[in-house]
Amino acid sequence: MQSNKSTVSNLKKMAMTPYVFAAFTGDRSGSMQGIYNESATGLYEWATDLIESANENNQQGRMFITCFDNTAERRLDNVDLKNVRITQRDCMNWMKPRGSTRLYDTAIEDLDNIIAKVEEFKKNLPRAVKMLNPKVSIVWACCTDGYDNCSVNSSNDLKNKVL
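Residues numbered from 1 in each chain as written. Predicted model: local features only at pLDDT ≥ 70, side-chain atom pairs only at ≥ 80, totals over all residues. Heavy atoms only, no water.

A few words now on a negative patch on the surface. The grouping of Glu-45, Asp-49, Glu-52 and Glu-56 at the surface amounts to a negative patch. Inspection of the secondary structure assignment puts Glu-56 in helix H2 (residues 36-56). (Patch = residues over 30% accessible without salt bridge, like charges linked within 9 Å, V, L, I, M, F, W, Y side chains within 5 Å. Areas by Shrake-Rupley, 256 points an atom, 1.4 Å probe, with all protein chains shown as cover. Salt bridge = Lys/Arg side-chain N within 4 Å of Asp/Glu carboxyl O. Lys, Arg positive; Asp, Glu negative; His and termini not counted. Charge placed at Lys NZ, Arg CZ, Asp CG, Glu CD. Helix = DSSP H or I, 4+ residues; strand = E, 2+ residues; numbered from the N terminus.)

Attention shifts here to the pattern of salt bridges. Proximity of charged atoms lets side chains of opposite charge pair with each other. Per the stated rule, a full pass over the model turns up 11 salt bridges. A single salt-bridge network, built from bridges that share partners, covers Arg-28, Asp-69, Glu-73, Arg-75 and Arg-98.

Our focus in this paragraph is the environment of Asn-156. Relative to the elements of secondary structure, Asn-156 occurs in helix H6 (residues 155-162). Judged by relative accessible area, which is 48%, Asn-156 ranks as partly exposed. Each C-alpha atom, one on Asn-156 and one on Ser-39, is 25 Å from the other, the two residues being 117 residues apart in sequence. (Buried < 20%, exposed > 50% of the residue type's maximum accessible area, 1.4 Å probe, protein only.)

Take H2 next. Helical periodicity: at 3.6 residues per turn, an α-helix aligns residues three or four positions apart in one direction. Its 21 residues give H2 an end-to-end C-alpha distance of 30 Å, which sits within 8% of 30 Å, the value for a rise of 1.5 Å per residue. Taken together, the buried positions of H2 are Tyr-36, Ser-39, Ala-40, Leu-43, Trp-46, Ala-47, Leu-50, Ile-51 and Ala-54. On an axial view of H2, the arc spanned by its buried residues comes to 120°, and they lie on one face. Opposite the buried face of H2, by more than 90 degrees, sit the exposed residues Glu-38 and Glu-56. In this structure, the buried residues of H2 make contact with strand E1 (19-27), strand E2 (60-68), helix H3 (88-94) and strand E4 (136-143). (Expected span 1.5 Å × (residues − 1). Arc of directions from axis to C-beta. Contact = heavy atoms within 4.5 Å.)

Attention now moves to the nonpolar core. One finds Phe-24, Leu-43, Trp-46, Met-63 and Ile-65 to be the most contacted residues of the largest nonpolar core, which totals 25 residues. If we ignore the near neighbours within four places in the chain, the residues touching Ile-65 are Phe-24, Leu-43, Trp-46, Glu-73, Arg-74, Arg-75, Leu-76, Ile-86 and Trp-94. (Core = buried A, V, L, I, M, F, W, Y, C linked by side-chain atoms within 4.5 Å.)

Attention shifts here to the side chain of Thr-101. The topology assignment puts Thr-101 in the loop between H3 and helix H4 (103-123). Contacts of Thr-101, omitting those with residues within four sequence positions, involve Asp-27, Ser-29, Ser-31, Phe-68, Asp-69, Tyr-147, Asp-148, Asn-149, Cys-150 and Ser-151.

This part covers the packing of aromatic side chains. Counting across every chain of the model gives 4 aromatic pairs. Where Phe-24 meets Trp-46, the ring centres are 5.5 Å apart and the plane angle is 45°; that geometry is what we call tilted. Residue Phe-24 is located in strand E1, and its partner Trp-46 is located in helix H2; the two are separated by 22 residues in the primary sequence. For the pair Phe-24 and Trp-46, one class covers both residues: buried. (Phe/Tyr/Trp six-rings, centres within 6.5 Å; stacked < 30°, edge-to-face > 60°.)

As a note on interpretation, predicted positions should not be read in detail where pLDDT is low. On average, residues of the protein chain score 91 in pLDDT, and 91% of them are at 70 or above. Averaged pLDDT values for the elements of the protein chain fall to 46 in helix H1 (residues 4-15) and rise to 98 in H3. (pLDDT = per-residue confidence, 0-100.)

This part is about H4. End to end, H4 covers 30 Å across 21 residues, agreeing with the expected 30 Å (1.5 Å per residue, within 8%). Residues of H4 that are buried sit in contact with E1, E2, strand E3 (72-80), E4 and H6.

Another aspect to go through is the pairing of E1. Burial analysis of E1 places 9 of its 9 residues in the buried class, which makes it a mostly covered element. Here E1 shows a buried face lined by Tyr-19, Phe-21, Ala-23, Thr-25 and Asp-27 and a second buried face lined by Val-20, Ala-22, Phe-24 and Gly-26. Tracing the backbone out of E1, into H2 and back to the parallel element E2 gives a crossover that is right-handed. (Right-handed = clockwise from strand over helix to strand, strands pointing away.)

Sheet strands pair by backbone hydrogen bonding; their relative direction is either parallel or antiparallel. Ordered in space as E3-E2-E1-E4, the 4 strands form an open sheet in which the pairing is mixed. A single partner strand is all that each edge strand has here, and the edge strands are E3 and E4. Along the sheet, successive strands turn relative to each other by an average axial angle of 10°, direction set aside. Direction of pairing for E1 relative to E2: parallel, over a ladder of 9 bridges. (Pairing = 2+ DSSP bridges. Axes fitted to C-alpha atoms, helices over the stretch in contact; angles between N-to-C directions.)

Next comes the structure, spelled out in structure tokens:
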């Protein structure tokens, strides 16, 4: 007979979604200088924890990382979690503060990108898997000091996109 602890563990594993799409949108504008180390470390820990969790729970997934100031740079775009190689140094370089803040536009573009990639993924699943209607989790993290000074979109546009 299984112990209560192992039964709960097995139930959690069965309840896990088999697919996870994870995106990070990180503000590296000049105003982030005061929290640069924390934001870069946060990105690294977020990515490595997510990869570790997916591996432990036998999940398949994709990772997206965008760092932005007045320009958005996609550092990872739809990369298989099993193929992500990321270092603390990468994150420090990617999050190095500079420029203005194009928060709303970048976040909306990232969300549109991940949603499109999830739809494409679902469409391309084998027919037998599609019939099982597998769940796909979308995880999105945004690291910012919250002040946008050069987007066309508004905070309401971002709120509506998230909802």
